[in-house]
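Analysis of the macromolecular model
Spelled out from the first residue to the last, the chains are:
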Amino acid sequence: MRTVRVTVVLAALAGSLALPGVASAAPAHSSWATASGVLAKVHTAGRVKPGGDSLRYSWPGVYFEGRFRGTGVGIVLDDSDNDYDVEVDGATAATLVTPGRTTYWVNGLTRGVHRVRLVKRTESPWATSAFGGFVAAPGGAILGRPAARHRQIEFIGDSYTVGYGNRSDSRDCTADKVARTTDANLSFGALTARRLNADYQINAFSGRGMVRNYNGSDPGTDYRTYYDRALLNVDGDVWQNPGTWHPQLVVIGLGINDFSTAINPGEQWTPDTLVAAYRTAYQGFLDKLRARYGPRTTIVVSATYMSNTTVFAQTAQQIVQERNSAGDDRIRYWYYSESGLDYLGCHWHPSVHDHRIIADRLGEFINTLPLRW
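Residues numbered from 1 in each chain as written. Predicted model: local features only at pLDDT ≥ 70, side-chain atom pairs only at ≥ 80, totals over all residues. Heavy atoms only, no water.

Here we take up the overall build of the chain. Of regular secondary structure, the chain possesses 10 helices and 18 strands. For 373 residues, the compact-globule formula gives about 21 Å, and the C-alpha radius of gyration of the chain, at 21 Å, lands near that figure. By its C-alpha atoms, the chain is 65 × 45 × 40 Å across when sized along the principal axes. Taking all 373 residues of the chain together, the buried fraction comes to 57%. (Helix = DSSP H or I, 4+ residues; strand = E, 2+ residues; numbered from the N terminus. Rg over C-alpha atoms; globule rule 2.2 N^0.38 Å. Buried < 20%, exposed > 50% of the residue type's maximum accessible area, 1.4 Å probe, protein only.)

Right, dumping it as structure tokens:
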């Protein structure tokens, strides 16, 4: 592994594809200025915002897919905060660590038609990233964008859904270690969606709850403050659905931050009023999703084990029971236990090992749902 501003990981690529020669980070050049019509050549399901000759975005796990003919491909980026996986023909060709403003090249491929995928691994709600498209090496060409998948899943949640520190080798982590070891591409949501050949969004924000954030931080805001945005650090921003995002399945995991820490002196809550506010806000959020996506979308309200309380799981289940009693049987409750999980990620979060187990369990649960996809 060679580490500069970009960490390069070369992997054996499948089929007849040769190993890349030297995958290199080149200085930004005219590729950025001429990367026009990005959406015409790129498939993405994430919340992106066109701006000039690039696509801007903030949520973790946003990915871009393309097709090209030739022996190499360049990836035009402007991002000094996040890490990315570059995949060619389904195998990881490189991991980019805070690449900055650059065109990153993967060269030395077997001449022919290839697929390329760029995925944002990390979480940076304070920053806006920009992708300027794929460019072909001399003699090659960028082809028409890959077709969208029919299946669509939206994952809504907190650090568990992000994949917070899931690659860490210890539970003790600095802020930089959290950033470098968070991998939304290996979160349970991304794993589940890829197994089902589904497009997906990971609209997750660490530390945020439905009404109360972790340890009562940032009072006056919560997850719902940010949900409608494409650019998380832009007050009032609203993502415009291009008309192509109609998920058949939405999986929500919000409540760990509401209930995992004791209420501090000076907070507005008591234990009873916190539960009441959580239930009211959750019902309103479900109303919003139902109005947005229609009656056929299945919405899963998930909960998981917490060592200090069962309030989260009990309240989430009650919310679903209330919806079902009111006639909405496409809202379902899903609980996953701590059994088999090691919580070896940063700050006792699920590890990559755990995310694979959770994805297995979620996949089994999805098989029981009345999905028509």
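There's plenty left to go through after this.
This part is about the nonpolar core. In this structure, Phe 64, Leu 118, Phe 131, Phe 134, Ile 156, Ile 252 and Leu 289 are the most contacted members of the largest nonpolar core, which totals 98 residues. Among the elements that take part in this core, helix α8 (residues 271–293) stands out by supplying nine residues, more than any other. Residues contacting Ile 252, with those up to four places away along its chain left out, are Ile 156, Tyr 282, Phe 285, Leu 286, Leu 289, Ile 299, Val 300, Val 301 and Ser 302. (Core = buried A, V, L, I, M, F, W, Y, C linked by side-chain atoms within 4.5 Å. Contact = heavy atoms within 4.5 Å.)

With that out of the way, let us pick up the packing of aromatic side chains. Aromatic ring pairs are reported here in terms of the distance separating the ring centres and the angle at which the planes meet. One pass over the full model with this rule turns up 15 aromatic pairs. For the pair Phe 64 and Phe 131, a centre-to-centre distance of 4.2 Å together with 20 degrees between the ring planes defines the contact as stacked. Of this pair, Phe 64 sits in strand β6 (residues 63–70) while Phe 131 sits in strand β12 (residues 129–136), placing them 67 residues apart in sequence. For Phe 64, a relative accessible area of 0% translates into the label buried. On the basis of an interplanar angle of 90 degrees and a centroid distance of 6.2 Å, the ring pair of Tyr 223 and Phe 285 is categorised as edge-to-face. (Phe/Tyr/Trp six-rings, centres within 6.5 Å; stacked < 30°, edge-to-face > 60°.)

One number sums up the size of the largest pocket: a volume of about 860 Å³. As for the largest pocket, its lining consists of 30 residues, of which Ser 159, Tyr 214, Asn 257, His 347 and His 349 are closest to the centre. Elements with a minimum of two residues in the lining of the largest pocket: α3 (159–162), α4 (175–181) and α7 (256–259). Among the elements that make up the lining of the largest pocket, the one with the highest residue count is α4 (three residues). Lining the second largest pocket are 18 residues; nearest its centre among them are Leu 39, Thr 44, Arg 145, Pro 242 and Thr 244. Taken together, the residues of the lining of the second largest pocket break down into 10 nonpolar, six polar and two charged. (1 Å grid on protein atoms, 1.4 Å probe; cavity = no way out; pocket = protein on both sides within 12 Å on 5 of 7 lines; lining within 4 Å. Points joined across faces, edges and corners; volume = space filled by probe spheres on them. Nonpolar A, V, L, I, M, F, W, Y, C, P; charged D, E, K, R; others polar.)

Our focus in this paragraph is the environment of Thr 95. Here Thr 95 shows up in strand β9 (residues 91–97). You can call Thr 95 buried: its relative accessible area is 10%. As for Thr 95 and Tyr 305, which are separated by 210 residues in sequence, their C-alpha atoms are 33 Å apart. A distance of 3.1 Å separates the side chain of Thr 95 from the side chain of Asp 85, its partner in a polar contact. (Polar contact = N/O pair within 3.5 Å; in protein donor to acceptor, adjacent residues only side chain to side chain.)

Turning our eyes to something else, we now look at the pattern of salt bridges. According to the stated counting rule, one finds 23 salt bridges in the structure shown. Where Lys 49 meets Asp 237, a salt bridge forms, and the shortest distance between an N and an O atom there is 2.1 Å. Of this pair, Lys 49 sits in strand β4 (residues 49–51) while Asp 237 sits in the loop between α6 (223–226) and β16 (249–253), and the two are 188 residues apart along the sequence. Accessibility expressed as a relative area gives 23% for Lys 49, which makes it partly exposed. A salt bridge links Arg 117 to Glu 65; the shortest N-O distance between them is 3.4 Å. Of the two residues, Arg 117 sits in strand β11 (residues 112–120) while Glu 65 sits in strand β6, which places them 52 residues apart along the sequence. Here the two residues Arg 117 and Glu 65 agree in accessibility, since each one is buried. (Salt bridge = Lys/Arg side-chain N within 4 Å of Asp/Glu carboxyl O.)

Turning to the sheet that holds β11, a few remarks are in order. The sheet built from five strands is open, its strands ordered β9-β8-β11-β6-β13 with antiparallel pairing. One side of each edge strand has no neighbouring strand; the edge strands of this open sheet are β9 and β13 (141–142). (Pairing = 2+ DSSP bridges.)

With the rule as written, the count across this model stands at two cavities of 30 Å³ or more. Its boundaries defined by the atoms lining it, the largest cavity holds a volume of some 80 Å³. Sorting the residues of the lining of the largest cavity by element identifies α3 and β17 (298–304) as the ones contributing at least two each. By residue number, the principal contributor to the lining of the largest cavity is β17, which donates three residues. The volume enclosed by the second largest cavity comes to roughly 30 Å³. Taken together, Gly 46, Arg 47, Trp 59, Pro 60, Val 62, Tyr 200, Gln 201, Ile 202 and Asn 203 make up the full set of residues lining the second largest cavity. A breakdown of the residues in the lining of the second largest cavity according to their chemical character gives five nonpolar, three polar and one charged.

Quick look at unusual backbone geometry now. Its identity is not glycine, yet Asn 215 carries a phi of approximately 55 degrees, on the positive side. Mapped onto the elements, Asn 215 comes out in the loop between β15 (198–204) and α6. Even without being glycine, Tyr 343 reaches a positive phi, approximately 50 degrees. With respect to the helices, strands and loops of the structure, Tyr 343 is situated in the loop between β18 (331–336) and α10 (352–366). What makes Tyr 343 buried here is its relative accessible area of 11%.

Attention now moves to the confidence of the model for the chain. The predicted model of the chain averages 91 in pLDDT, with 90% of residues at 70 or higher. Overall, residues 1–36 carries pLDDT values under 50, and its contacts beyond four positions in sequence, including any with other chains, amount to 100 contacts. (pLDDT = per-residue confidence, 0-100.)

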